[in-house]
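Given next are the chains, with one letter for each unit.
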Amino acid sequence: MTSVLLICKKEFKSYFTGPIAYLLMAFFALIFGFGFYTATRDVVRFSLQAQMMGQQQPMNLNDQIIRPLLGFASTIALFLIPMITMRLIAEEKKTGTIELLLTSPVNDLAIIVGKWLGAMLLYLCILGMSVINIAMLFAWGKPDWKPVAVAYLGLILQGGCLLAIGTFISTTTKNQIIAGGVTFFVCLLLWLLSWFTAFDTGPFGQVIAYLSIITHFDNFAKGLLSTKDVVFYLSMIFFALFLTARSMESLRWRS
Amino acid sequence: MIKVEGLTKRYARTVAVDNISFEVEKGQIVGFLGPNGAGKTTTMRILTCFLPPSEGSANVAGFDVMANPLEVKKRIGYLPETPPVYPEMEVSEYLVYVGRLKGISSGEINGKVSDVVGKCALGEVRNKLIGQLSKGYRQRVGIAQAIIHNPAVLILDEPTSGLDPKQIIEIRELLRHLAGEHTIILSTHILSEVEHSCERVIIISRGKLVAIDSVANLTNRLRGSEAVAVEVQAVDGQPNAGDVQQRLEQVSGVSRVMAKESKDGGLLFEVESLQGRHIRADLARTVVNSGWNLNEMRSVGLSLEDIFLQLTSAEKPAESSAAQEGEKK
Ligand SMILES: Nc1ncnc2c1ncn2[C@@H]1O[C@H](COP(=O)(O)OP(=O)(O)OP(=O)(O)O)[C@@H](O)[C@H]1O
Ligand SMILES: [Mg+2]
């Protein structure tokens, strides 16, 4: 357990010794801020129009702003995650420090979980950039906080899943760029699949929808917390990390 | 302390380590010697549980590397071929990280770090980023990392590569200090390294064990083929060096004649015999019968360098016999 925290701390810290963490956070803040601006502008204009036409329609911040906005955040995250995970193991393999890790009295799973947690912390920091905007909404109107919390939980779980997959991909190569590229491709594919399942409601579509990491986020975005989705994400994370540990082991055998 | 039996490691195309067996006693320093690509790094990686063997077994500090890797890892310090350092960390920060990873408690860690910083003379660079250090300093950080938790077995892959002569001597001193309590295996190409700091040598070549013996024995055994320095007096370029060399080469039992530098009035040659042949009498007779003056004749021990070359180059007849002896052990 100590070693998990140790590795996590080291990993998290090393993101901040280079520009990567700052770049990702700035990028996310910028895009999210832009989305926030567009969404609020439209909604405000729309409600002003409605008022002028004499309809007294209560504005629903949750449905009209927060939900689409956090859905948007989950899509941006898809593109940031490869950049978080690509270096995790690939870099250690490239520089040879993997020999230190794998000959230290720490088991493979602890290494993987530590690395994943470090990546997770950075991801949380990136998500944190959106809190400023959302907090503005709370200052301005009276949105219901519960669906917001659920959506954030969804973002965290979905991110955890994708980060675990990215970590897995990072163990398979010593080239960071390849690791990042493949992870990006996988994220893109999942994203496309989620579109596909929106149109196909047949049994095949349903299977894919169940497996698709992105579609499970929909309920969270709506503010619906279901055990089924939480269990799905948690088991996916566990499965991917377990697979990563196995992958490290098989790589030893093959290399 | 270390026991290796029938160890074999195959990669897709190559057999990197081929049926190697040896033992290392507690407290010994053993040199692991071989030309490039001999399989030194591969063997060390197996001993440190980084790679699994294809066949055979290795037992380190009482535990099998396959059955109990975690117990083995607790008891070893390992310096890989390239020092496993993170360029973005400071030296002391890195040592704390590694030390904690190796199981040193947070209460003890600062003391241990100061300890190795002192031992490896890292005081000056303690708060520098590792990425900004010279190769030699990075190597020392690598050594510090290997010894920080005071492991029973130290496995060092070319510990002195990249160090300047003064540092090499310091590291040798350090290793000699560590031996006794610690069992040390170090790999190297540098033969004087082995002569200076090791008690025993394991020589491998192309994955095969060629010899395993104490440094002194190895030198002695290979004196079976003796080397003799012969100095013939020359006056005004008579006789000329080419003639003498030719004549000496014809003596039966001689395998090689090398002309050395000639000093005032003397032509110096080094003559090596075939294994088990005594050539001194014949050499003397040849020189005298040719009407030349024999200034000096003395036997020179083959240097470890010569032995190494003899053992590891395939054409030399010495290899097969030495290999057989090695396997018998
Ligand atoms: N990952 C690998 N895949 C395939 N072959 C490998 C691998 N690593 C090493 N080899 C091969 O195994 C053999 C032994 O290599 P090894 O690195 O153990 O030699 P070495 O004795 O350490 O050499 P050096 O003195 O150059 O460090 C070489 O022929 C090498 O090409
Ligand atoms: Mg090597």
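Read on for a plain summary of the structure. Here the structure is a predicted model, which means the values were calculated and not measured. (Residues numbered from 1 in each chain as written. Chains lettered and ligands numbered in written order. Predicted model: local features only at pLDDT ≥ 70, side-chain atom pairs only at ≥ 80, totals over all residues. Heavy atoms only, no water.)

Comments concerning the overall build of chain B
Stated formally: Helix numbers and strand numbers start at the N terminus; a helix is a DSSP run of H or I with at least 4 residues, a strand a run of E with at least 2. Relative accessible area decides the class of each residue, using a 1.4 Å probe on protein chains only: under 20% of the type maximum gives buried, over 50% gives exposed, and in between gives partly exposed. Two residues qualify as a contact provided that any one of their heavy atoms is within 4.5 Å of a heavy atom in the partner residue. Working definition of accessibility: Shrake-Rupley area with a 1.4 Å probe, residue cover restricted to the visible protein chains.
Across its full length, chain B holds twelve helices and 14 strands. Considering chain B as a whole, with its 329 residues, one finds that 52% of them fall into the buried category. Counting contacts in chain B only where the partners sit at least 6 residues apart, residues at least 24 apart contribute 67% of the total. Approximately 14500 Å² of chain B is accessible, and the part contributed by carbon and sulfur atoms is 46%.

So, the site of ligand 1
All names here are of chain B. This is how the line gets drawn: It suffices for a single heavy atom of a residue to lie within 4 Å of a molecule or strand for the residue to be listed as near it. Throughout this description, a polar contact denotes any pair of N or O atoms lying within 3.5 Å of each other; where both atoms belong to protein, one of them has to be capable of donating a hydrogen while the other can accept it, and for residues adjacent in sequence the pair is counted only when both atoms sit in side chains. As a working rule, the residues Ala, Val, Leu, Ile, Met, Phe, Trp, Tyr, Cys and Pro are called nonpolar, Asp, Glu, Lys and Arg charged, and the rest polar, with Gly in that last group.
As a structural note, the neighbourhood of ligand 1 is formed by 14 residues, with K40, T41, T42, E81 and H189 the closest of them. Contact distances for ligand 1 include 3.5 Å between a nitrogen atom and a side-chain N or O atom of Y11. A38 places a main-chain nitrogen or oxygen 3.1 Å from an oxygen atom of ligand 1. For ligand 1, whose accessible area on its own is 640 Å², the fraction buried by protein is 65%. The residue makeup of the shell around ligand 1, split by class, is four nonpolar, seven polar and three charged.

A short note on the interface of chain B and chain A
For clarity, the threshold we go by: The term salt bridge refers to a side-chain nitrogen of Lys or Arg lying within 4 Å of a carboxyl oxygen of Asp or Glu.
In this assembly, 30 residues from chain B lie in contact with 26 residues from chain A. Our count for the chain B to chain A interface comes out at two salt bridges. Between R45 of chain B and E99 of chain A there is a salt bridge; the shortest N-O distance is 2.8 Å. In this structure, the connection of chain B to chain A is made through five residue pairs in polar contact (both at pLDDT 80 or more). The leading source of residues in the side of chain B that touches chain A is helix α3 (residues 91–101) of chain B, at six residues. Here the residues of the side of chain B that touches chain A are counted per class, giving 19 nonpolar, three polar and eight charged.

Structural notes on the side chain of N133 of chain A
Residue and element names in this part refer to chain A. Note that N133 resides in helix α6 (residues 108–140). Given the relative accessible area of 11%, N133 is considered buried. Apart from the residues within four sequence positions on either side, N133 is in contact with F32, G33 and F36.

Some points on the sheet that holds strand β2 (residues 15–24) of chain B
Residue and element names in this part refer to chain B. Defined as follows: Pairing between two strands is assigned when DSSP locates at least 2 bridges connecting them. To define axes, lines are fitted to C-alpha atoms, for helices over the stretch in contact only, and angles between the resulting N-to-C directions are given on a 0 to 180 degree scale.
Strand order in the open sheet made by the four strands is β2-β1-β4-β5, with antiparallel pairing throughout. With partners counted over all chains shown, the strands left at the sheet margins are β2 and β5 (63–64), one partner each. Pairing of strand β4 (residues 55–60) with β5, which is carried by two bridges, proceeds in the antiparallel orientation. Within β5, the residue paired with N59 across the bridge is D64. The strands touched by helix α1 (residues 40–47) within the sheet are β1 (2–10), β2 and β4, with β1 carrying the most contacts at an inclination of about 120°.

Brief notes about the packing of helix α2 (residues 20–52) of chain A against α6 of chain A
All names here are of chain A. Let me state the cut-off plainly: Between 65 and 115 degrees an angle is taken as roughly perpendicular, under 35 as roughly parallel, over 145 as roughly antiparallel, and anywhere else as oblique. By definition, any crossing whose near helix is turned counterclockwise from its far helix by less than a right angle is left-handed, and any crossing with a clockwise turn is right-handed.
Remark: α2 packs on α6, axes separated minimally by 9 Å, with the N-to-C direction vectors making an angle of 25°. What the angle tells us is that α2 and α6 run roughly parallel. In terms of crossing hand, the pair formed by α2 and α6 is right-handed. Across from A21, L24, M25, F28, A29, F32, G33, F36, T40 and V44 in α2, the residues of α6 making contact are L122, C125, I126, L127, M129, S130, N133, I134, M136, L137 and W140. Taken together, the residues of the contact of α2 with α6 break down into 17 nonpolar, four polar and no charged.

Structural notes on the coordination of the magnesium ion (ligand 2)
Residues and elements named next belong to chain B. This is how it is decided: Each metal site lists N, O and S donors within 2.8 Å (3.2 Å for Na, K and Ca). With water left out of the atoms, a site can look as if it is missing ligands.
Those protein atoms acting as donors to the magnesium ion (ligand 2) are T41 (OG1) and E81 (OE), and they sit at 1.9 to 2.2 Å. With T41 in helix α1 and E81 in the loop between β6 (76–79) and α3, the pair connects residues that are 40 residues apart, well separated along the chain. We classify E81 as partly exposed; its relative accessible area is 36%.

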